[in-house]
Amino acid sequence: MAIEVGKRYIEGKELKCPVCGRDQFWSRHTILQGGRLQLLFELGWAGKNAENHVCASCGHVSWFLKPLKR
Ligand SMILES: [Zn+2]
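These numbers were taken from a predicted model, which means no experiment stands behind them.

## Quick notes on the overall build of the protein
Logical step 1: Scanning the protein from terminus to terminus reveals 1 helix and 5 strands.
Logical step 2: Tracing the protein from N to C terminus, the helices and strands come up as β-β-β-α-β-β.
Logical step 3: A burial count over the protein gives 6% of its 70 residues as buried.
Logical step 4: Long-range pairs, those at least 24 residues apart, make up 40% of the contacts in the protein with a sequence separation of at least 6.

Set out below in structure tokens:
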């Protein structure tokens, strides 16, 4: 995913930062498995594809967990 600042839409709705209320985010993908994310691993989220939208203003990270696409 391109590291591009802009608006993000989740389920068709515009994402707004819950902290500062801005609507500009950059995004990255994280695959959850072991290591520092061991807790998530134990919760059965291993191998899940997480989408992180990071607020370009305050840096708040919104996490969205989705099944891996094949
Ligand atoms: Zn923010």
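## Regarding the confidence of the model for the protein
Logical step 1: Looking at the protein, pLDDT values average 80 and 64% of them are 70 or higher.
Logical step 2: For the protein, the element scoring lowest by mean pLDDT is helix 1 (residues 38–45), at 56; strand 2 (residues 13–14) scores highest, at 96.

## Considerations on the environment of Asp23
Logical step 1: By the element assignment, Asp23 lies in the loop between strand 2 and strand 3 (25–31).
Logical step 2: We classify Asp23 as partly exposed; it has 15 C-beta atoms within 10 Å.
Logical step 3: Sequence-wise, Asp23 and Val5 are 18 residues apart; in three dimensions their C-alpha atoms are separated by 9.6 Å.
Logical step 4: Not counting residues up to four positions away in its chain, the partners in contact with Asp23 are Lys7, Glu14, Leu15 and Lys16.

Criteria and thresholds
- Residues numbered from 1 in each chain as written.
- Predicted model: local features only at pLDDT ≥ 70, side-chain atom pairs only at ≥ 80, totals over all residues.
- Helix = DSSP H or I, 4+ residues; strand = E, 2+ residues; numbered from the N terminus.
- Buried ≥ 20, exposed ≤ 12 C-beta atoms within 10 Å, placed from the backbone.
- Contact = placed C-beta atoms within 7 Å.
- pLDDT = per-residue confidence, 0-100.

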